[in-house]
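Structural characterization, general
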Amino acid sequence: MRASLGVLALALGAVSALLGIVVLLLGLRRKDDRLLRVGLRYAFFVLGASAVAVVAMEWALITHDFSIRYVAENNARSTPLLFTITGLWAALEGSILLWGLILGVYLAWMAIHFRHRAADPMVAWAMVVAFVVTLFFFVLMLGPANPFERLPVTPTDGQGPNPLLQNHPLMAFHPPLLYLGYVGMTVPFSFAIAALITGRLGEGWLTETRRATLVAWGFLSVGIILGAWWSYEVLGWGGYWAWDPVENASLLPWLTATAFIHSVIVQERRGMLRVWNLSLVVATFCLTILGTFLTRSGVLNSVHSFSESPIGGWLLGFLAFVTIGSVILIAWRGDTLRAPGRIDSPVSREAAFLVNNLLFAALAVVVLLGTVYPLLAEALQDRQLSVGEPYFDRMTTPIGVALLFLMAVAPALPWRATSGDVLRRRLVVPAWFGVGVMVVAALFGVREIWTLVTFGLAAFAVGGIVRQVALGFRAQHVAGVSWWEVPWRTVRGSPRLYGGLVVHLGIVAIAVALASASAFTTKDEVRLRKGESTTVAGYTFTYTGREVSSTDQKRTVKAQVRIERGDRDLGTYAPAVSMFPGATSGIGTPSVKTGPLRDIYLTLISAPTDRDRVTIGIAINPMVVWIWIGGGLMAVGTAIALLPKSRRVVVPPAVGRDRPAGDGPPAGDGPEAPDGKDDRDVPVGVRA
Amino acid sequence: MSRGRGWIPWVGLVAVVVAVVVWAVWPSGDQTDAERVRNITHQLRCPDCESLSAGDSQTASARAIRRDVTQRVAEGQSAATIKRAYVDRYGESILLEPERDGIGLVVWGLPLLVLVGGGVGLFFAFRRWRNAAPVHATEADEELVREMRRGDGAS
């Protein structure tokens with residue numbers, strides 16, 4: 001019943017997507033507006049169908065319908081409700097079901113957002129592309145990755161989800177957010193392809209999709225950070241990023257999408273970089289498919305690869321189709337893509353964006369190569385090789401530091417060109433602030449060169465951000481806004497600028513945390529009898545006893561560890577090991593005392609024996625909490641950047657007499673920039 | 001701030017940065033044994049994990065490797081000897097860093113090539129742009145822009 005309903009819904013979704021494609025293509029051919037309007041509406045059928053399919057699956061999970069293979073493999077009678085629900089994305093087939101639902105949501109958003117412009121061929125083509133992507137995933141679910149496949153014999157109980165996936169509530173948030181980011185990249189991709197097909201390569205498609213891209217980017221960022229958090233709270237090795245192929249797969253589209261949301265500003269302002277921006281959008285989409293292929297086909301084995309299935313070939317085929325098709329389209333339109341613009345000076349905002357893109361592209365190449373290199377070596381030379389943390393650290397650290405430098409300098413650069421004098425004046429205080437922090441860190445004994453440089457550049461960047469925000473506030477205040485209203489009015493005046501600066505602050509927080517980790521992490525392993533104490537890095541750890549609890553889901557042994565510093569009791573923490581029925585080895589659950597400067601991370605390496613001796617892993621991890629805070633700042637910044645720009649334009653008089661015309665408050669991203677010099681920046685003769 | 005002396009704080013700044021960097025990279029005695037162990041175990045893959053190093057993982061085999069490397073370092077074996085011993089036992093895939101020869105050159109060289117190639121490309125692009133005649137807005141363009149702005153404000 002549930003299985004039949006699910007399959008029926010999937011079939012309905014596939015047919016809707018197909019009908020959408022046919023009707024839209026007919027409408028485009030006959031130039032029939034009515035058909036185009038109808039075609040758009042199939043998006044709602046896709047959404048409805050995918051929603052019904054998801055409900056059918058959740059219903060089957062909650063009622064433990066083990067006649068469905070997916071339920072039998074990813075659910076058990078003892079699975080708690082939360083992890084029964086999250087069972088939807090515990091394995092491949094269910095994940096694609098979720099993928100389909102999110103795709104349906106984005107499709108419906110497109111259909112609603114563009115309902116008044118259904119007759120525009122650009123919109124119609126974008127919908128066709130989105131429907132084609134949808135059709136692929138629905139056919140995938142009807143064929144090789146059918147989530148509703150029946151078992152010949154219904155087992156009395158299921159296997160339950162992988163123990164690692166039923167151990168932490170973050171499991172409820174990380175995968176859906178990541179998918180919201182991944183799948184969202186379909187929207188800019190659809191419009192990019194539509195622009196190529198219609199030949200309308202001006203800035204129209206960019207503005208149409210800017211918001212959708214930003215939303216997807218924000219979700220992807222938060223999804224990645226939550227994944228790191230999950231890894232930190234569940235896997236128990238003390239870290240949050242292992243350069244695992246699955247992590248890399250989520251990072252790759254993020255890198256190209258980040259490059260895009262920077263370089264798109266150059267195209268908006270100067271009408272340049274069209275081919276490059278289209279390529280970035282296409283690359284981002286391809287990398288989401290590649291990531292799905294790498295992680296879900298079983299070609300790589302990693303902590304995340306819980307499933308293997310024959311869909312590898314399908315995904316690879318689709319990836320090849322998308323990549324080759326896009327390359328042909330870009331080559332075909334290559335001539336018309338050439339923009340007449342030019343960049344006047346290597347010391348300007350747009351030049352900084354170019355360098356930013358070069359660095360992000362290099363990062364993406366590093367991560368991509370490192371991820372697929374073992375596969376290539378095996379396929380081409382039959383050699384078993386690994387690429388791991390040492391390679392990625394060595395390659396990404398210098399590029400990351402260069403990006404941090406750029407992030408400190410670039411927001412202070414004016415568009416078009418700058419005189420050295422202006423730049424020196426804008427940067428001198430933030431730069432000295434950075435150097436000051438570097439010196440202080442050195443005095444406190446930091447000797448790792450990359451850590452010192454990162455601290456200095458982070459402070460430099462923060463100094464620049466504070467300066468820019470302060471100038472923006474002052475300009476508003478001078479224009480007569482009361483101090484109470486200044487922050488809100490300033491942000492509303494240029495949401496993209498200030499949203500971007502908040503995201504940058506988040507990046508600074510993360511960079512500082514990563515740099516601290518390489519310098520100050522302490523790791524130890526101690527064996528304690530009950531009542532015995534040990535001291536690590538100034539903290540005293542006492543094993544005070546064990547606690548055993550049992551549920552249907554699992555049997556958990558906890559070791560109570562009291563942490564003290566000097567005479568101060570910092571509380572008792574209890575790292576645990578859980579045994580799940582059917583699992584051969586125990587699953588550890590770390591216990592983390594989180595603090596603003598350092599986390600104390602306890603793991604139970606060997607469970608208490610009968611003589612009550614335990615082995616406990618102790619790690620002192622500096623600044624980890626700032627990674628999660630940085631992720632939060634990135635989310636807030638993205639939300640700010642999405643705010644509609646206030647139409648009320650405040651034009652303040654010139655601030656201070658010593659300010660020459662070239663050094664206005666940070667130019668915003670639109671015609672409201674207070675000094676009016678933006679007039680020169682309107683792209684000339686490049687509107688399509 | 002007068003135009004002529006704007007560079008003074010920058011010279012000071014560069015001097016301080018150079019001093020700190022030199023201080024930081026100045027060799028300060030030999031590594032301790034614990035640091036050596038840490039470095040070596042982080043370059044070895046934990047045999048029963050896929051991506052974690054033996055230095056990070058908590059599995060039994062990773063802990064065995066940590067103990068073994070600690071002992072070898074205490075015996076005075078060099079990092080190269082220890083890594084060689086592990087390659088002999090487990091095969092090349094125990095090393096988390098690909099070697100810099102043969103196909104390994106690709107994984108080390110290609111990103112560098114992209115950076116250098118991109119940098120050179122940008123350099124020539126800037127030179128071309130500098131030499132190209134600037135595009136000026138015609139009066140018709142300006143009028144178009146003014147018209148659009150007016151339309152924009154009304155909406």
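Criteria and thresholds
Residues numbered from 1 in each chain as written. Chains lettered and ligands numbered in written order. Predicted model: local features only at pLDDT ≥ 70, side-chain atom pairs only at ≥ 80, totals over all residues. Heavy atoms only, no water. Core = buried A, V, L, I, M, F, W, Y, C linked by side-chain atoms within 4.5 Å. Buried < 20%, exposed > 50% of the residue type's maximum accessible area, 1.4 Å probe, protein only. Helix = DSSP H or I, 4+ residues; strand = E, 2+ residues; numbered from the N terminus. Domains from an automatic or database assignment. Contact = heavy atoms within 4.5 Å. Phe/Tyr/Trp six-rings, centres within 6.5 Å; stacked < 30°, edge-to-face > 60°. Lys NZ or Arg CZ within 6 Å of the ring centre and 35° of its normal. Pairing = 2+ DSSP bridges. Buried area = accessible area lost by both parts, 1.4 Å probe. Salt bridge = Lys/Arg side-chain N within 4 Å of Asp/Glu carboxyl O. Polar contact = N/O pair within 3.5 Å; in protein donor to acceptor, adjacent residues only side chain to side chain. Nonpolar A, V, L, I, M, F, W, Y, C, P; charged D, E, K, R; others polar.

Right, let's talk about the nonpolar core for a bit. Residues and elements named next belong to chain A. Within the largest apolar cluster, 197 residues are counted, with the highest numbers of intra-cluster contacts made by M127, F131 and W205. With 16 residues, helix α6 (residues 121–142) is the largest single contributor of residues to this core. For this core, the domains that each give at least three residues are domain 1 (1–161) and domain 2 (521–625). Setting aside chain neighbours within four positions, we find M127 in contact with L24, L40, A43, L107, M110 and A111.

Segmenting chain B into domains produces domain 1 (33–94) and domain 2 (104–154). Each of domain 1 of chain B and domain 2 of chain B has a C-alpha centre, and these two points are 49 Å apart.

Let us now look at the packing of aromatic side chains. In total, this model carries 25 aromatic pairs over all chains according to the counting rule given. Ring centres of W229(A) and W628(A) lie 5.4 Å apart, and the angle between their planes is 15°; on these two criteria the pair is classed as stacked. Of this pair, W229(A) sits in helix α9 (residues 204–234) while W628(A) is found in helix α19 (residues 625–642), placing the two residues 399 residues apart along the sequence. Accessibility expressed as a relative area gives 30% for W229(A), which makes it partly exposed. These aromatic residues form a ring-pair network of at least three members: W99(A), F136(A), F137(A), Y179(A), Y182(A) and F318(A). A cation over a ring is seen here: R2(A) above W59(A), with NZ or CZ 5.2 Å from the ring centre. Just above the ring of Y86(B) sits the side chain of R89(B); from NZ or CZ to the centre is 5.2 Å.

Residues and elements named next belong to chain A. Inspection of the sheet shows strand β2 (residues 533–536) paired to strand β3 (residues 539–550) by four bridges, in the antiparallel sense. Counted as the bridge partner of T535 is T540 from β3. Connecting β2 to the next strand, β3, in antiparallel fashion are two residues, including A537 with a positive phi near 50°. Hairpin connection, β3 to strand β4 (residues 555–565): the antiparallel pair is bridged by four residues.

Residue and element names in this part refer to chain A. Counting through the fold element by element, L278 comes out in helix α11 (residues 274–296). Overall, L278 belongs to the buried group, its relative accessible area being 1%. With 33 residues separating them in the primary sequence, L278 and P245 have C-alpha atoms 26 Å apart.

Taken together, the contact between chain B and chain A spans 62 residues of the former and 67 residues of the latter. Between chain B and chain A lies a buried interface of about 5,600 Å² when both sides are counted; carbon and sulfur atoms form 67% of it. When residues of chain B are sorted by the area they lose upon contact with chain A, W10(B), I103(B) and W129(B) head the list and together hold 12% of the total. Applying the counting rule to chain B against chain A returns four salt bridges. The closest approach of N and O atoms between R66(B) and E525(A), which form a salt bridge, is 3.3 Å. Counting across the chain B and chain A interface gives 11 residue pairs in polar contact (both at pLDDT 80 or more). Of all elements in the fold, only α1 (8–25), α2 (33–42), α3 (60–74), α5 (104–131) and α6 (139–154) of chain B reach the threshold of two or more residues within the side of chain B that touches chain A. Looking at the side of chain B that touches chain A, the element that brings in the most residues is α5(B), giving 14 residues. In terms of residue class, the side of chain B that touches chain A is made up of 35 nonpolar, 12 polar and 15 charged.

Another point: the pattern of salt bridges. For the coordinates displayed, the defined rule picks out 16 salt bridges over all chains. Notably, a salt bridge pairs D33(B) with R36(B), separated by 3.1 Å at the nearest N-O pair. With D33(B) and R36(B) both in helix α2, this residue pair falls three residues apart, about one helical turn. Using a relative accessible area of 40% as the deciding quantity, one classes D33(B) as partly exposed. You can call R36(B) partly exposed: its relative accessible area is 30%. In this structure, a network of salt bridges that share partners links the residues R69(A), E73(A) and E149(A).

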